[in-house]
Amino acid sequence: MELAKQKASIGLINPKNPVNVASILRAAGCYGVASVFYTGQRYRLAKEFNADTKAFHKIIPTVGVDNLKDVVPKGAKVVCVELVEGAVPLPHFEHPENAFYILGPEDGSVPSDVLIWCDYVVYIPTYSCMNLAATANVLLYDRLSKSHFVSGDALIRSSRDTNNTTKI
């Protein structure tokens, strides 16, 4: 799968921190995520304080929903990322081409009634739990690193900040 042809979406369960959601939107833009869905009221009430400095919230649909199960993209495999016993370590996981990644709240866990309808449950092996935005970034980078991505100077030029013209 090429970066520009990603079939990946993210579902967030009741995120509380708008800065984390903004960071997830930045990662979603960098890694070609198609859409971000979220449940709960906490982000809805705080989203005006958005820290999405690249304004990916204007490009990537960011939709509040009552139930993530209702918005699983057509043909997508549901991949929950959670520190739960029995989960597959992310380094051993093969990402489906069409994936809907579910991430839990910063101050809780993905509920069991969500875990039962997920196709896969994976975890990121760390010595402590990461925050929501860090989890999304590691997950999406892992997806990219295991794909057939386009590389080279043209990608570097199109990806970097306008203030960066460094060459080696």
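Structure: see above.
Scoring rules and cut-offs
Residue positions are given per chain, counted from 1 along the sequence in the order it is written. Selection of residues for local features in this predicted model requires a pLDDT of at least 70, selection of side-chain atom pairs for listing and counting requires 80 or more, and totals for whole chains, interfaces and linings are taken over all residues. With hydrogens and water set aside, each side-chain value is computed from the structure's full complement of heavy atoms. A pair of strands is considered paired only if DSSP assigns at least 2 bridges between the two. Going along the chain from the N terminus, every DSSP run of H or I of four or more residues is numbered as a helix, and every run of E of two or more is numbered as a strand. For this analysis, residues touch if any pair of their heavy atoms sits within 4.5 Å. A fitted line through C-alpha atoms represents every axis, and for helices the fit uses only the stretch in contact; the resulting angles, taken between N-to-C directions, go from 0 to 180 degrees. For the purposes of this section, nonpolar cores are sets of buried Ala, Val, Leu, Ile, Met, Phe, Trp, Tyr and Cys residues that join through side-chain atoms within 4.5 Å. In this scheme, a residue with accessible area under 20% of its type's maximum is buried, one over 50% is exposed, and one in between is partly exposed, where area comes from a 1.4 Å probe on protein chains only. Think of a 1 Å grid over the protein atoms and nothing else: a 1.4 Å probe that fits but is trapped marks a cavity, an open set flanked by protein within 12 Å on at least five of seven lines marks a pocket, and residues with an atom within 4 Å of a point count as lining. Grid points are joined across faces, edges and corners, and a volume is the space filled by probe spheres set on the points. When a carboxyl oxygen of Asp or Glu is within 4 Å of a side-chain nitrogen of Lys or Arg, the pair counts as a salt bridge. Helix span, as expected, comes to 1.5 Å for every residue beyond the first. Here a polar contact is taken to be a pair of N or O atoms separated by no more than 3.5 Å, where protein atoms must pair a possible hydrogen donor with a possible acceptor and residues adjacent in sequence count only if both atoms sit in side chains. Pairing of aromatic side chains here covers Phe, Tyr and the six-membered ring of Trp, requires ring centres within 6.5 Å, and sorts the geometry by plane angle: under 30 degrees stacked, over 60 edge-to-face, intermediate tilted.

Caption draft 1: Structural context of the sheet that holds strand β3 (residues 62–64). Across the sheet, 7 strands lie side by side as β3-β2-β1-β6-β4-β7-β5; this open sheet has parallel pairing. The sheet is open, and its two borders are formed by β3 and β5 (88–89), each paired with just one other strand. Bridge analysis of strand β4 (residues 77–81) against strand β6 (residues 98–103) gives 5 bridges, and the strand direction is parallel. Each bridged residue has a counterpart across the sheet, and for Lys77 the counterpart in β6 is Ala99. Strand contacts of helix α1 (residues 18–31): β1 (7–12), β2 (35–38) and β3, with the helix running at about 175° to β1, the strand carrying the most contacts.

Caption draft 2: Structural view of the nonpolar core. Core analysis: the biggest nonpolar cluster contains 28 residues, and Ile10, Leu12, Ile24, Val36 and Leu103 have the highest contact counts within it. Among the elements of the structure, β1, α1, β2, β4, β6 and α4 (132–145) are those that each provide at least two residues to this core. Apart from residues lying up to four places away in sequence, Leu12 is in contact with Val21, Ile24, Val36, Phe37, Tyr38, Thr39, Leu68, Leu103 and Leu132.

Caption draft 3: Region of the structure containing the layout of surface pockets. For the second largest pocket, the calculated volume is near 370 Å³. Around the second largest pocket, the lining is made up of 19 residues, and of these Glu82, Leu83, Cys129, Met130 and Thr135 lie nearest the centre.

Caption draft 4: Representation of the pattern of salt bridges in the model. As enumerated under the stated definition, the model contains 1 salt bridge in all. Asp142 is paired through a salt bridge with Lys146; the nearest N and O atoms lie 2.9 Å apart.

Caption draft 5: Region of interest: α4. Its 14 residues place the ends of α4 20 Å apart at the C-alpha level, agreeing with the 20 Å of an ideal helix rising 1.5 Å per residue. Against the buried residues of α4 lie β1, α1, β4 and β6. Measuring from the side-chain oxygen of the N-cap residue of α4 to the backbone nitrogen of Ala133 gives 3.1 Å; that N-cap residue is Asn131.

Caption draft 6: Fine view of the packing of aromatic side chains. A full pass over the atoms with the stated rule returns 2 aromatic pairs. Taking the centre distance of 6.0 Å and the plane angle of 80° together, the rings of Phe37 and Phe100 count as edge-to-face. Linking Phe37 in strand β2 with Phe100 in strand β6, this pair joins segments that are 63 residues apart in sequence. No difference in accessibility class separates Phe37 from Phe100, as the two residues are buried.

Caption draft 7: Broad picture of the environment of Ile124. Checked against the element boundaries, Ile124 lands in the loop between β7 (120–123) and α4. Separated by 33 residues in the primary sequence, Ile124 and Pro91 place their C-alpha atoms 7.8 Å from one another. Contacts of Ile124, omitting those with residues within four sequence positions, involve Val81, Leu83, Leu90, Met130, Thr135, Val138 and Leu139.

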